[in-house]
Amino acid sequence: MKQVIHRKLSKNILRSSLIILLAFTTALSAQEGDPAKGKSLFNANCAACHQLDKKMTGPALRKVEQRLSDEQGLDREWIHAWVRNSSGVIKSGDSYANKIYNEYGGAAMTAFPQLSDDDINNILAYTAEEKAAPAQNAAVAVSAASDGGSTNGVTNEIILGALAVLFILLALGLYLVNKTLRRFAVAQDIELPETAKRTPLWKAFVQNQFLMIVVAIFFLLSSAYFVYGYLSQVGVDQGYQPVQPIHFSHKIHAGDNGIDCKYCHSSARVSKTSGIPSLNVCMNCHKSIYEYNGETSPEYSKEFYDGEIQKLYAAAGWSDADQKYTGESKPVKWVRIHNLPDFAYFNHSQHVTVAGVECQTCHGPVEEMEIMYQHAPLTMGWCINCHRETNVAVKDNAYYEKIHEELSKKYGVDELTAAQMGGLECGKCHY
Amino acid sequence: MSSNKKYWKSVEELNENSSIVETLKQNEFVEEIPTDEFLGDKETLEATSTTRRDFLKYIGFSTAAASLAACEGPVKKSIPYVVQPTEIIPGVANYYATTIADGFDFASVLVKTREGRPIKIENNALAGSNGNANARVNASVLGLYDSLRVQTPKQGDKAISWGTFDAEITKKLKDIAKANKKIVLLTQTYASPSTDALISKFKEKYGNVSHVVYDAISESAALDAYQAKYGERGLADYDFSKAMTIVSVGADFLGDWQGGGFDSGYAKNRVPDHGKMSRHIQIEANMSLSGANADKRIPATPTEQKLALAKLYSLIVGGSVSGDLPEHIDAAVKNAAAELKAAAGKAVVVTGLQDVNAQTLVLEINQVLGSKAFKPSTPIKTRQGSNAEVAELVADMKAGKVAAIIMSGVNPIYTLPNASDFAEGLNKTELSVAFSLKEDETSSLVNFIGAAPHYLESWGDVELKKGHYALMQPTIRPLFDTRQFQDTLLKWTETEGSYHDFIKSTWNTSILGGSSFNQALHDGVFITSVYAANGESSKTVTTTESTLKDKKDRTWVGGVIHGAAVGLGIKDEDKDEYLSTTKTSTVSTGSATINGVNIVSGVAAAKALASSAKSNGLELVLYSKTGMGDGQQANNPWLQEFPDPISRVSWDNYLTVSKSDAEKLGLENVHVATGALDGSYADVTVNGTTVKNVPVLIQPGQAKGSVGISFGYGRKLGLKDEMKTGVNAYELYANFETVQDVTVKAASGMHEFACVQLHNTLMGRGDILKETTLEIFNTKDKSHWNPIPVVSLNHEETPVTSPEVDLWDEFDRSIGHHFNLSIDLNACTGCGACVIACHAENNVPVVGKEEVRRSRDMHWLRIDRYYSSDDTFEGDNEKKDGFSGLFGDNGSLGGFGEMEHPADNPQVSFQPVMCQHCNHAPCETVCPVAATSHGRQGQNHMAYNRCVGTRYCANNCPYKVRRFNWFLYNGNDEFDYHMNDDLGRMVLNPDVVVRSRGVMEKCSMCIQMTQKTILDAKRDGRVIKDGEFQTACSAACSSGAMIFGDINDKESKVAKLKEDNRMYHLLEHVGTKPNVQYQTKVRNTKEA
């Protein structure tokens, strides 16, 4: 028995050692690289210049290791050296290094001495992954979603149809009962009571002069109200949503990607205008973002968005294939959405930088707008309301120190509104 | 009896038997009208479905639809940059230092650009010298957007490319050079080291080349005198801030004398400080700005001036001079000499007589006086023309000796007195090229026009004074296909690189001495270290650097805030002493060697001058007007509409005649209506040349026996029809002498002037313009010379400033900013730079001569000019106070009538008036729609979009500063000035709305500028320093007369000025409590 136990034990040891061995091998293969870690490293360090499947500032990196060893006979050590100090490799006279260097316009790759061998291996592991087919997945997801939607719709329709049939049956039953009863009554010679003929309601109404006058007054007043309402919205373009030459989605940029408004509209910080970003600002990112990989809908497909990016390239004169500017640009004629009349002065920096007002206060939920529209009415009443309600942001602003102390004492408040600061004076906005 | 003449329409009618005539008589229409075609066919008519009613329905519908569609706003496009330049942020102004050097005006300026468009010229506080923009320089930005500019190089009338232009001309030039014929470069004064270098390169390449410098209005005599004495061509520099006694003989040094730019120095000593101020004696013929500002003005004909100067010389330096002067002038000259001697080092004498002897005498006198204001060591370089060379050139051309002439920056056909000779000579040349902004009188006659860029599109450098350099840089990409003269010279001399590179290398090798070019470009100026290399100087250098640093800081935090009114309050006597050591040494060595010779020559000059002083009757004095200068900006509507500071006439030049001469000659002026003045015409003949129909203006203060006409008008080509105003006085400029013997003959007809101020005298109303003498100012109490008006309250005299007599409740304005503008009547010279600056900043429209004549001028800021009807304003006051009863000798009925007439030699005062921003504003209470209201910061607001145009406010304004838009002045062909084309509208300030028809407008105290300053401070989170707040006028004021600021900042200059004894408010007795203050004018006279 002892032996048996022993055997069992040795068997266990064997098994566990096998497991340990297996575990070790996985650990060893981890030495080969962890694609997940590699992905984050790649995005942090490499993505500015490299893509997996597309030549950009630098070459496409999918299966770079395999390619190098197959075509050039270069091993991983070479890659390590190159990543850490490419210019060193070039200077050493390495032929392939110099070839790459010249092919990419004599711009040496940034050195990454901080990346360890493991890090580089992880990145290589990521680059060695097979290309996924995200489009298919998305399509599947979409069809699944639409399936779910249709089943729901079917059940609702069935229930509603059944109810309708039920009601029709009920009405039919009642009608039949009524008809039968009348037939009985006729058969039994029971007289049905005739209802006395009364003046119709509308005639009585017309004959009642008081009511007519009241109604007329009401009618006049309400029409005056609506005419006034109509006239006062002339020139108010709330909800104005023009078609723009390039379908720019604020939802994708400000919403999904969380880009700060003032990254693109930088002059809002210092100038009276928020500024429509010049195309070089767009190209800061879009040099490397040449396709859309986010959520799509039937209306706005990936192809649609990619087409819009191509429009940007055409306008900026960027040749995506050659990765350089052609010099033939076509400035974009955007349709201006927020139009203040000439006689009203508005300064963005006053509101954005000094007062610290969020862009959304006036422009609405821009981060949810697929197509930009005018959120606020931009009427004077709207401006003034806000000035009456909003406190002046005086904290840490030496300009306000004295005036705020004196004025708040004068008005007996802790915090002054913009109106109390003088924000309702005509000449502050009209000159 | 009525006539029996037969009228006929065609020869055929004369034939009595013609059948055609008979048929024609019967038939109204020669051919039958095809009525049947559309009425005869009944079927078609009935078949058409469009009835009359339908037609009306369609009309009605389309009208309604069109008006409904009109409710939709227009679609506005916004086009951002493809690649935005890093230095441009839309909505934020950039400032560039540059230099204007158009041959007449030379100044270092700061150019404000918005979105890449230059929109305003400002003073360059870093400049030190010539940093002040006058009215013309302020207006020059509009010249950039002139729709009549030459837009491409031309051969005759044909537009060609620059390539063809170069090829054709160099080919011809080479041929001419091969034949060793003469090539002449005729240019304006460039005073540019780089251009000089280029021209010598050009000379080297083409051999027989001569360079003639031509100033339209010549300073040749002064240049010759200086050259003879100091061996270098230039004009003696003067620093009037060092002078306590100034005697000027015919020099309008506050105007364009020797290039101008002396007013800020002059104004410094005009403000009484510790009981002292400068004394200014002016002997002159025409009433000039300098004469108007003088403490004592002696009207004298040029002949008398010459004698007076010779006498002055003999009294100060020695020698005797024959010749008789009228007694009062003689006495005045003796007085002046005594005062000059007493002041010695603090005295200065200047003259504007274009006579080498006169100029020599002045140099002598100043040297003998040891004047500190006299700076011969740093000669002014901005006039270099030589009369003799120009005369020789014209003669050579006429003789056919000149094969090629290349002109740049000049318009000799317009400016030469013998223009026909020049035109004749031009025909004899083989090649004529003109670099010009316009197709003007000259460039329309030449073979090739080189389209020249405006100075705001050009590179350049200028040596304003010896050792004082300035740089010109482009502030906008060239609007048209233009190339500057210098770049072309580079091409023609086959030199690599642009003119920019050329300037850079010139500066780096010979001027900068190791300093940074970029720093010089940033400052716009560079002063060579030779002029700052002494013991005392090091101190001064550090102070300049500290202001510079300060300035930089402010540039960072909120755009450029130019350091207040230039030089204001800088009392440091020693500040410029850094020059003194070098200067004295030069002067002493100079006088040691040739001293004796000089004195002798001086005496000889005095004698020559005295003997040349002969006149035959009337003398003509030619001058340049503040607005128009030499006339190259004649197509500038701002300058045309700018009322002359003295005559207050816009859109014209005229013959100024004294009242007694006018009576003798039978010339008259008639007041027709407010703004409308009619004047006789006269024919003016000089040397056989007659200029016909010169309008006559009777000018108080014009010396009897003299008349004056200004240059710059009467242009014929290269300008819009509206701007073709006045007569060309250059035709009378024989031999480049500004003084001519003249005959004046009355001509028939009356000329219609547009004159914005017809009421010339103050009528003793001392509460409008308070004036006193230095003696009274120093000795008497404030209540004597600047009393606060009183009103009777319960039979007690109560000052109007006390709250009991006030109709209104006082608001508490002690919190926040409270803006005040102080205007010092002592420092204001009336130069008008503020008027144009206001135009540019506030988009003030130009209305044209007809409208100005209807008193509808739109100037937000006007400079009222008052004459005294007695010898002095004080005399007026006394006279008025002395009236008793209606009739009799002291009766007010006749007395007031007399007081309407200015004296023969009146005292003159200038008073800038804009909206007074009353705390208790009469305009605000009468506005039915509350379009005008008061802000807490002291500004009277005007909401144009609210205004319905009742004009009640204008009627209720005691200061008459509100302006009504009678018409739409922009985009209206009836007002074809700059706001009628896209190009001209580029000058508009985007921060200020362009007003429409039917709206009242007025000075806003530049609320857009104060708001901007506040916003910048808020954004930086800092307290605003004094001097940061500016208005367009106060920033433009180079004499420091206008000080703007916050009176709640007790340390501010304006708060202190408010407590000054000299402070008063305009029409204080009305009780409007204005926020514009005036400082009583003090005149340094003993006589009054």
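Definitions and limits used
Residues numbered from 1 in each chain as written. Chains lettered and ligands numbered in written order. Predicted model: local features only at pLDDT ≥ 70, side-chain atom pairs only at ≥ 80, totals over all residues. Helix = DSSP H or I, 4+ residues; strand = E, 2+ residues; numbered from the N terminus. Contact = placed C-beta atoms within 7 Å. UniProt positions renumbered as here; feature names shortened; annotations may be inferred. Pairing = 2+ DSSP bridges. Nonpolar A, V, L, I, M, F, W, Y, C, P; charged D, E, K, R; others polar. Axes fitted to C-alpha atoms, helices over the stretch in contact; angles between N-to-C directions. Core = buried A, V, L, I, M, F, W, Y, C linked by C-beta atoms within 7 Å. Buried ≥ 20, exposed ≤ 12 C-beta atoms within 10 Å, placed from the backbone. Domains from an automatic or database assignment. Parallel < 35°, antiparallel > 145°, perpendicular 65-115°, else oblique. Left-handed = near helix turned anticlockwise from the far one by under 90°. pLDDT = per-residue confidence, 0-100. Expected span 1.5 Å × (residues − 1). Arc of directions from axis to C-beta.

An unreviewed UniProt entry lists chain A under the name C-type cytochrome, with Neotamlana sargassicola as the source organism.

Novice: Lay out the overall build of chain A with the relevant residues and their values.
Specialist: Each helix and strand in chain A was counted, giving 20 helices and 3 strands. Within chain A, contacts between residues at least 6 apart in sequence are counted, and of these 63% link residues at least 24 apart.

Novice: Could you give me a rundown of the overall build of chain B, with the residues and numbers involved?
Specialist: The secondary structure content of chain B amounts to 35 helices and 43 strands. The long-range share in chain B, meaning contacts at least 24 apart out of those at least 6 apart in sequence, stands at 74%.

Novice: Go over the UniProt feature "domain: Cytochrome c" (unreviewed entry) in chain A with me, naming the residues and quoting the values.
Specialist: Those places that UniProt annotates as "domain: Cytochrome c" (unreviewed entry) correspond, in this numbering, to residues 33-131 of chain A. End-to-end, the C-alpha atoms of residues 33-131 of chain A are 17 Å apart, and along that stretch the chain is 57% helix and 0% strand.

Novice: Let's hear about the sheet that holds strand β40 (residues 1042-1046) of chain B: which residues, and what values?
Specialist: Residue and element names in this part refer to chain B. The 4 strands lie next to each other as β40-β33-β42-β41, forming an open sheet whose pairing is mixed. What marks the edges here is a single partner per strand, and that holds for β40 and β41 (1063-1064). In terms of strand pairing, strand β33 (residues 819-824) meets strand β42 (residues 1076-1079) through 4 bridges, oriented parallel. For Leu821, the partnering residue across the bridge sits in β42 and is Val1076.

Novice: Mind laying out the interface of chain A and chain B, listing which residues take part and the relevant values?
Specialist: At the interface, 46 residues of chain A touch 39 residues of chain B. Secondary-structure elements contributing two or more residues to the side of chain A that touches chain B are α13 (279-286), β3 (334-335), α15 (348-354), α18 (398-411) and α20 (426-429) of chain A. No other element matches α18 of chain A, which puts 6 residues into the side of chain A that touches chain B. Looking at the side of chain A that touches chain B residue by residue, the class counts come to 19 nonpolar, 17 polar and 10 charged. Relative to strand β1 (residues 77-78) of chain B, β3 of chain A is paired through 2 bridges, and the arrangement is antiparallel.

Novice: Which residues make up the sheet that holds strand β2 (residues 93-101) of chain B, and what values go with them?
Specialist: Residues and elements named next belong to chain B. Pairing is antiparallel across the open sheet formed by 3 strands, whose spatial order is β2-β3-β4. Two strands lie at the open edges of the sheet, namely β2 and β4 (117-123), each paired on one side alone. The average angle at which neighbouring strand axes cross in this sheet is 35°, direction not considered. Most of the contacts of helix α6 (residues 135-144) go to β4, to which it runs at about 170°, and overall it touches β2, β3 (106-114) and β4.

Novice: Just give me the short version of the nonpolar core, but keep the residues and values in it.
Specialist: Counting 294 residues, the largest nonpolar core has Ala308, Leu309, Leu312, Leu361, Leu655, Cys834 and Ala837 of chain B as the members making the most contacts within it. The greatest single-element share of this core, amounting to 8 residues, is contributed by helix α14 (residues 356-369) of chain B. Leu41, Val83, Ile120 and Ile123 of chain A belong to the second largest nonpolar core, which has 13 residues in total.

Novice: Tell me what's going on with the domain arrangement of chain A, and back it up with residues and numbers.
Specialist: Domain boundaries in chain A define domain 1 (35-127) and domain 2 (380-431). Between the C-alpha centres of domain 1 of chain A and domain 2 of chain A the distance comes to 58 Å.

Novice: With reference to specific residues and values, describe the packing of helix α4 (residues 76-84) of chain A against helix α7 (residues 117-127) of chain A.
Specialist: Residues and elements named next belong to chain A. Two elements in contact, α4 and α7, have axes whose closest approach is 10 Å; the angle formed by their N-to-C orientations is 110°. For the element pair α4 / α7, the angle class is roughly perpendicular. Across the interface between the two elements, Ile79, His80 and Val83 from α4 touch Asp117, Ile120 and Leu124 from α7. Its residues placed into classes, the contact of α4 with α7 shows 4 nonpolar, 1 polar and 1 charged.

Novice: Can you explain the domain arrangement of chain B? Please cite residues and give values.
Specialist: Residue and element names in this part refer to chain B. Each assigned domain of chain B is listed with its residue range as follows: domain 1 (172-218 + 383-451), domain 2 (234-380 + 590-612), domain 3 (651-755) and domain 4 (771-1083). The gap between the C-alpha centroids of domain 2 and domain 4 is 36 Å. Contacts between the two partners involve 15 residues from domain 2 and, on the opposite side, 18 residues from domain 4. Looking at the side of domain 2 that touches domain 4, the elements that each hand over two or more residues are α10 (263-268), α11 (289-293) and β12 (296-299).

Novice: Please give an account of the packing of helix α8 (residues 193-206) of chain B against helix α18 (residues 485-492) of chain B that cites residues and values.
Specialist: Residues and elements named next belong to chain B. Running from N to C, α8 and α18 point in directions that differ by 30°, and their axes come no closer than 10 Å. Relative to α18, the element α8 is oriented roughly parallel. Once α8 is placed against α18, the crossing between them reads as left-handed. Taking contact as the criterion, the partners of Thr195, Leu198 and Phe202 in α8 are, on α18, Gln486, Leu489, Leu490 and Trp492. Split into classes, the residues belonging to the contact of α8 with α18 amount to 5 nonpolar, 2 polar and no charged.

Novice: An account of the environment of Asn387 of chain B is needed here, citing residue identities and associated values.
Specialist: Residues and elements named next belong to chain B. Here Asn387 is to be found in helix α15 (residues 387-398). Linking Asn387 and Phe736, residues 349 residues apart in sequence, is a C-alpha distance of 6.8 Å. If we skip the residues at most four places from it in the chain, Asn387 touches Ser218, Ser220 and Phe736.

Novice: Please provide a residue-by-residue account of the confidence of the model for chain B, values included.
Specialist: Residues and elements named next belong to chain B. When pLDDT is averaged along chain B, the result is 85; 88% of the residues meet or exceed 70. Every residue in residues 533-600 is under pLDDT 50, and counting partners more than four places away or in other chains gives 71 contacts. Both scores are available for the predicted complex, with the pTM at 0.81 and the ipTM at 0.79.

Novice: Any details on the pairing of strand β29 (residues 743-755) of chain B? Residues and values, ideally.
Specialist: All names here are of chain B. Where strand β22 (residues 649-650) meets β29, 2 bridges bridge the pair, whose relative direction is antiparallel. Opposite Ser650, over in β29, you have Ala754 as the bridge partner. Relative to β29, strand β25 (residues 676-686) runs antiparallel, the two sharing 10 bridges. Bridged to Val684 within β29 is Val744.

Novice: Got a sec to walk through α8 of chain B? Specific residues and values, please.
Specialist: Count 3.6 residues to each turn of an α-helix, and residues three or four apart come out pointing the same way. All names here are of chain B. Taking 1.5 Å as the rise per residue, α8 with 14 residues should run 20 Å; its terminal C-alpha atoms sit 20 Å apart, in good agreement. For α8, the complete set of buried residues consists of Ser194, Thr195, Leu198, Ile199 and Phe202. Summarising the axial view, the buried residues of α8 lie within an arc of 135°, below the 170-degree limit, and thus occupy one face. Within α8, the exposed residues directed more than 90 degrees away from the buried face are Ser200 and Glu204. Those residues of α8 that are buried lie in contact with β7 (182-187), β8 (209-213), β18 (460-465), α18 and α19 (499-511). Looking one or two places after α8, you find Gly207, whose phi comes out positive at around 75°.

Novice: I'd like to hear about the pairing of strand β31 (residues 790-793) of chain B, residue by residue, with values.
Specialist: Residues and elements named next belong to chain B. Sheet analysis places β31 next to strand β32 (residues 796-799), joined by 4 bridges and oriented antiparallel. In the sheet register, Leu793 faces β32, and the bridge partner there is Glu796. Connecting β31 to the next strand, β32, in antiparallel fashion are 2 residues, including Asn794 with a positive phi near 50°.

Novice: Let's hear about the confidence of the model for chain A: which residues, and what values?
Specialist: Detailed reading of the predicted model is not advised wherever pLDDT is low. All names here are of chain A. Per-residue confidence for chain A averages 83 on the pLDDT scale, and 87% of its residues sit at or above 70. The least confident element of chain A, judged by mean pLDDT, is helix α1 (residues 2-31) at 52; the most confident is β3 at 94. The model gives residues 23-30 a pLDDT under 50, and that stretch makes 0 contacts with residues more than four places away or in other chains.

Novice: An account of the environment of Ala1017 of chain B is requested, with residue identities and associated values reported.
Specialist: With respect to the element layout, Ala1017 of chain B can be found in helix α33 (residues 1007-1020). Spatially, the C-alpha atoms of Ala1017 of chain B and Glu1028 of chain B are 9.9 Å apart, while their sequence positions differ by 11 residues.

Novice: Could you give me a rundown of α15 of chain B, with the residues and numbers involved?
Specialist: Residues and elements named next belong to chain B. Taking 1.5 Å per residue as the helical rise, α15 with its 12 residues ought to reach 16 Å, and the 17 Å between its terminal C-alpha atoms agrees with that figure. For α15, every residue scored as buried is listed here: Val390, Leu393, Val394 and Met397. Mapping the buried residues of α15 onto a view down its axis gives an arc of 95°, with all of them on the same face. In this fold, the buried residues of α15 make contact with β7, β8, β15 (402-408) and α17 (419-428). One or two positions beyond α15, positive phi appears at Gly400, with a value near 75°.

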